[in-house]
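Per-entry structural report
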Amino acid sequence: MKKQSINVGIIGFGTVGSGTAKILLRKSRELESRLGFPIVLKNIADLDTKRDRGIKLPAGVLINDALKILNDPDIDIVAELMGGLHPAREFILQAIKNGKHVVTANKALLAVEGRKIFTAACKNRVDIGFEASVAGSIPIIKIVRESLIGNNIQSVYGIINGTSNYILTKMSGEGVDFSTALKAAQALGYAEADPTFDVEGIDSAHKLTILAALSFGIPFSYKKIYTEGITNITPPDIQFASEFGYRIKLLTIAKQDGKDIEVRVHPTMLPKDHLIANVNGVFNAIYIEGDAIGSQLYYGRGAGELPTGSAVVSDIVDIARNIVRTKNTEHGARSTDLRTRNKELKIKKMEDIRTCYYLRFSALDKPGVLSRISGILGSHNISIKSMIQKGRKAEKAVPVVMMTHEAKEKDMAQALKEINRLPVISDKTVYLRVEGGEN
Ligand code: HSE
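Predicted model only: the values in this text are computed from it and were never measured.

On to the domain arrangement of the chain, then. Note on interface size: it is often stated as the accessible area lost on association of the parts. Domains assigned within the chain are domain 1 (6–136 + 305–336), domain 2 (140–301) and domain 3 (352–434). A C-alpha centroid distance of 51 Å is found between domain 1 and domain 3.

What follows is the structure, given as structure tokens:
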């Protein structure tokens, strides 16, 4: 093996940039002894060069001009860790053009511009590492691309937004309200700069775009992913779900059904004994079913400085090994699987999916109300599995809660439209989809 040093430039000295720098600097000796060559953190660029990030950098490492990194002929690998679409996109494309390998944690950018970026990487024969873009410290990109290559993946279920999982866990465990739980997640550095990305399911949809492209060979389909967040989840629904034996999680789902593929993100009720229902706090988990492996669960920290830094460092080391080992002959090849399109598979329209539902009606407690609700459900082929009615308040609405057998989304939407128009229904009906099998 040729002895050389691999020089790295980091753009963005926020949470992930700091974690990456800490690992690279604190572990530099161990890394060198394991690799046989040093990895040198040459520069970090950030507009804020003053803020204390809890790490002392060697003099001259921190600069405020990203272009210096992009144009430095000594830098082999650029780690784009600033996030956001612009100028991250321009920086990455410039780095690729300048023949630099790129590592990024930028799921939002890859979800919308992935094809362009991977195509540019193939053309310029450079590598793109993006392990940190999905599920933080869990090496799910490597697992799906490499370890499970011998499988036809049938389904991928994930809890891949730490902030929303932290919020739901805190709401159900401590009874705190949504905004208190969100503030705590932000203080811990888990949330995106714009937390609506976390709580509205957008961050999960970005990550699912990448996971689904890798798992099923479909194009990056961010715009086609049905996305619904957790902002409407209330303590009563968490409580009722628990009484029926379920927990509510913000679940990402990608599953193949013949020539159709479902890709969706929404709050989902899962049986309490399902492995993924027991993933709490900021932890992420991905449950994969493949034709050779059966099912597997991957679990770990999905956000935070060092866990995400660990994933970035794994990409840097992977690329560094590739540079030293192949002497620049095979780069770019690893991006080819991200340019291919599985034209066979079509993304199923949300109205065509079939699932079980939880329904919470706010209904006046009068004779005949239940039969009217169940009559409308029945007329749309929706069959009730179980029911709870709480309290008795003459002339006031009470919650009537039902679990249904599997039904079609389109039928459910139509039935709820009719039910919500009934004079005995005082509020819009809450509905949640249920996964984990008909119990
Ligand atoms: N905001 C993200 C999360 C960070 O909460 O999971 C990691 O991508």
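Taken together, the neighbourhood of the ligand is formed by Lys107, Asn161, Gly162, Thr163, Tyr190, Ala191, Glu192, Asp198, Asp203, Lys207, Gly302 and Ala303. Asp198 has a polar side-chain atom sitting 2.7 Å from a nitrogen atom of the ligand. Protein burial of the ligand: of its 260 Å² of free accessible surface, 92% is covered by the chains. Put simply, the ligand lies in the largest pocket. Elements with a minimum of two residues in the shell around the ligand: α7 (162–174) and α10 (202–216). Partitioning the shell around the ligand into residue classes produces three nonpolar, four polar and five charged.

This part takes up a nonpolar patch on the surface. A cluster of nonpolar side chains, Leu275, Leu297 and Tyr299, forms an exposed patch at the surface whose accessible area comes to about 290 Å². What makes Leu297 partly exposed here is its relative accessible area of 31%.

By size, the foremost hydrophobic cluster in this structure holds 79 residues, and its most contacted members are Ile96, Ile140, Met269, Ile288 and Tyr358. Those residues within four positions of Ile96 in sequence are excluded, and the remaining contacts are Val102, Ile117, Ala120, Ala121, Asn124, Val126 and Ile128. Formed by 32 residues, the second largest nonpolar core is a distinct cluster that contains Leu35, Phe37, Leu41 and Ala79.

Strands sit in the order β3-β2-β1-β4-β5-β6 across an open sheet of six strands; the sheet is parallel. A single partner strand is all that each edge strand has here, and the edge strands are β3 (62–63) and β6 (128–129). Of the strands in this sheet, β1 (6–11), β4 (77–80), β5 (101–104) and β6 are in contact with helix α4 (residues 88–97), which crosses β5 at around 155°.

This brings us to the layout of surface pockets. Roughly 790 Å³ of volume is contained in the largest pocket. Around the largest pocket sit 37 residues that line it, and Val16, Gly83, Lys107, Glu192 and Ala193 are the ones nearest its centre. Those elements that provide at least two residues to the lining of the largest pocket are α1 (15–26), α5 (107–124), α7, α9 (196–199) and α10. Grouping the amino acids of the lining of the largest pocket by side-chain chemistry returns 14 nonpolar, 15 polar and eight charged. Composition of the lining of the largest pocket by domain shows at least three residues from each of domain 1 (6–136 + 305–336) and domain 2 (140–301).

The omega torsion of the bond from His86 to Pro87 falls at 5°, within 30 degrees of zero and hence cis. Within the element layout of this structure, Pro87 appears in the loop between β4 and α4. With a phi angle near 55°, Arg125 is a residue other than glycine that sits in the positive phi range. Mapped onto the elements, Arg125 comes out in the loop between α5 and β6. Taking relative accessible area as the criterion, Arg125 reaches 46% and is therefore assigned partly exposed. The phi dihedral of Asn381 is positive, around 65°, even though this residue is not glycine. Mapped onto the elements of the fold, Asn381 is located in the loop between α13 (369–379) and β15 (384–389).

The interhelical angle for the contact between α5 and α10, taken along N-to-C directions, is 55°, at an axis separation of 8 Å. On the basis of their axis angle, the class for α5 and α10 is oblique. Note that α5 runs across α10; the crossing there is left-handed. Along its contact with α5, which presents Lys107, Ala108, Leu110 and Ala111, the element α10 presents Asp203, His206, Lys207, Thr209 and Ile210.

With that settled, consider the packing of aromatic side chains. Taken as a whole and judged by the stated rule, the model has six aromatic pairs. Where Phe118 meets Phe220, the ring centres are 6.0 Å apart and the plane angle is 15°; that geometry is what we call stacked. Placement of the pair is Phe118 in helix α5 and Phe220 in the loop between α10 and β8 (226–227), with a sequence separation of 102 residues. No difference in accessibility class separates Phe118 from Phe220, as the two residues are buried. With a centroid separation of 6.4 Å and 55° between ring planes, the pair formed by Tyr157 and Tyr287 is classed as tilted. Of this pair, Tyr157 sits in strand β7 (residues 153–159) while Tyr287 sits in strand β11 (residues 283–290), and the two are 130 residues apart along the sequence.

Criteria and thresholds
- Residues numbered from 1 in each chain as written.
- Predicted model: local features only at pLDDT ≥ 70, side-chain atom pairs only at ≥ 80, totals over all residues.
- Heavy atoms only, no water.
- Domains from an automatic or database assignment.
- Near = heavy atom within 4 Å.
- Polar contact = N/O pair within 3.5 Å; in protein donor to acceptor, adjacent residues only side chain to side chain.
- Areas by Shrake-Rupley, 256 points an atom, 1.4 Å probe, with all protein chains shown as cover.
- 1 Å grid on protein atoms, 1.4 Å probe; cavity = no way out; pocket = protein on both sides within 12 Å on 5 of 7 lines; lining within 4 Å.
- Sits in = over half its atoms within 2 Å of the grid points.
- Helix = DSSP H or I, 4+ residues; strand = E, 2+ residues; numbered from the N terminus.
- Nonpolar A, V, L, I, M, F, W, Y, C, P; charged D, E, K, R; others polar.
- Patch = residues over 30% accessible without salt bridge, like charges linked within 9 Å, V, L, I, M, F, W, Y side chains within 5 Å.
- Salt bridge = Lys/Arg side-chain N within 4 Å of Asp/Glu carboxyl O.
- Buried < 20%, exposed > 50% of the residue type's maximum accessible area, 1.4 Å probe, protein only.
- Core = buried A, V, L, I, M, F, W, Y, C linked by side-chain atoms within 4.5 Å.
- Contact = heavy atoms within 4.5 Å.
- Pairing = 2+ DSSP bridges.
- Axes fitted to C-alpha atoms, helices over the stretch in contact; angles between N-to-C directions.
- Points joined across faces, edges and corners; volume = space filled by probe spheres on them.
- Parallel < 35°, antiparallel > 145°, perpendicular 65-115°, else oblique.
- Left-handed = near helix turned anticlockwise from the far one by under 90°.
- Phe/Tyr/Trp six-rings, centres within 6.5 Å; stacked < 30°, edge-to-face > 60°.

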